[in-house]
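# Overview (structure and organization)
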Amino acid sequence: MFELRDIRHDYDGSEVLRVAAWRATQGEQWLMLGPSGSGKTTLLHILAGILRPSAGSAMVAGEDLAAMPAAKLDRFRGAHIGIVLQRLHLVDSLSVMDNLLLAQWLAGAAQDRARAREVLAGLDLADKADARPHELSFGQAQRVAVARAVVNRPRLLLADEPTSNLDDVRCAQVLELLQAQAAACGATLVIATHDQRVKSRVPNQYLLEAAA
Ligand SMILES: Nc1ncnc2c1ncn2[C@@H]1O[C@H](COP(=O)(O)OP(=O)(O)OP(=O)(O)O)[C@@H](O)[C@H]1O
Ligand SMILES: [Mg+2]
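In this report, the structure presented in the accompanying data block is examined. The structure displayed is predicted, hence computed values, not measured ones.

What counts and how
- Residues numbered from 1 in each chain as written.
- Chains lettered and ligands numbered in written order.
- Predicted model: local features only at pLDDT ≥ 70, side-chain atom pairs only at ≥ 80, totals over all residues.
- Near = placed C-beta within 6 Å.
- Helix = DSSP H or I, 4+ residues; strand = E, 2+ residues; numbered from the N terminus.
- Nonpolar A, V, L, I, M, F, W, Y, C, P; charged D, E, K, R; others polar.
- Buried ≥ 20, exposed ≤ 12 C-beta atoms within 10 Å, placed from the backbone.
- Pairing = 2+ DSSP bridges.

## Structural notes on the site of ligand 1
Near ligand 1, the surroundings consist of Y11, D12, V16, G34, S36, G37, S38, G39, K40, T41, T42 and H194. No other element matches the three residues that helix 1 (residues 40–47) contributes to the shell around ligand 1. Within the shell around ligand 1, the residues separate by chemical class into two nonpolar, eight polar and two charged.

The structure is reproduced here in structure tokens:
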């Protein structure tokens, strides 16, 4: 589903990340583990096509992200990749429903309110469609971010530290939610985290070493 080869990333000339090879097949669920500063967020952004690596190739769903023009990459990301970032980046001037419709629009997809409603219902948010993000609890807002990430039925679902600020019960719930939503779309799931609690709960693990 994706294949990374000889990836390297530098910020201002200093190397923060090196990945010799990592491949995942469609529907697999992965944890990306590593200490703080080891490059997890950087690598997640590379997988999402938000950041171009300094060197190496990142193939996602048969496409070489590095070779894709920016406008095509934006559409490709919207259509095939769902992302839940640590800061949720919900649009606060829009309702929950409109945040989901915006994600469809950005992907170049037709507006599909029925699909948006179905996803919200599946995440126990049916009664929050008209709420603004700031009117929600953190857990609800996080579920809206998950809803937005899966509304276009992505092939790749990425989450950055989705559990690090949560108590044990919430941690397990969010993990199960991401796993269930990925399974429902047949998406490959990658969760970047340093949260040791989730370690035994996801079948595949990729470990990033601390930067030299
Ligand atoms: N935009 C940037 N400019 C310069 N350096 C950066 C930038 N983003 C990250 N870095 C550096 O790159 C390294 C890897 O950062 P990254 O955020 O990918 O790590 P991480 O594994 O996600 O850490 P954490 O577990 O704390 O979230 C760090 O040393 C960080 O300081
Ligand atoms: Mg990080």
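## Here we look at the pairing of strand 3 (residues 29–33)
Burial within strand 3 is extensive, with four of its five residues counted as buried. Examined bridge by bridge, strand 3 and strand 8 (residues 188–193) share five bridges and lie parallel to one another. Each residue of the ladder has a partner; that of L33, found in strand 8, is T193. With four bridges connecting them, strand 3 and strand 9 (residues 204–207) associate as parallel partners. Bridging from a neighbouring strand, M32 pairs with Y206 of strand 9.

## Structural notes on the sheet that holds strand 1 (residues 2–11)
Two pairing modes exist for strands in a sheet, parallel and antiparallel, and in both the strands are linked by backbone hydrogen bonds. Taken together, the four strands give an open sheet; going across it, the order is 2-1-4-5, and neighbouring strands pair in antiparallel fashion. Every interior strand has two partners, whereas the edge strands, strand 2 (14–24) and strand 5 (63–64), have only one. In this structure, strand 4 (residues 55–60) lies alongside strand 5, joined through two bridges in antiparallel fashion. Within strand 5, the residue paired with M59 across the bridge is D64.

## A short note on unusual backbone geometry
Among all residues save glycine, negative phi is the norm, and among peptide bonds the norm is trans. With phi around 45°, D6 is a residue other than glycine that occupies positive phi space. Even without glycine at this site, R153 takes up a positive phi of about 50°. With 17 C-beta atoms counted inside 10 Å, the residue R153 sits in the partly exposed group.

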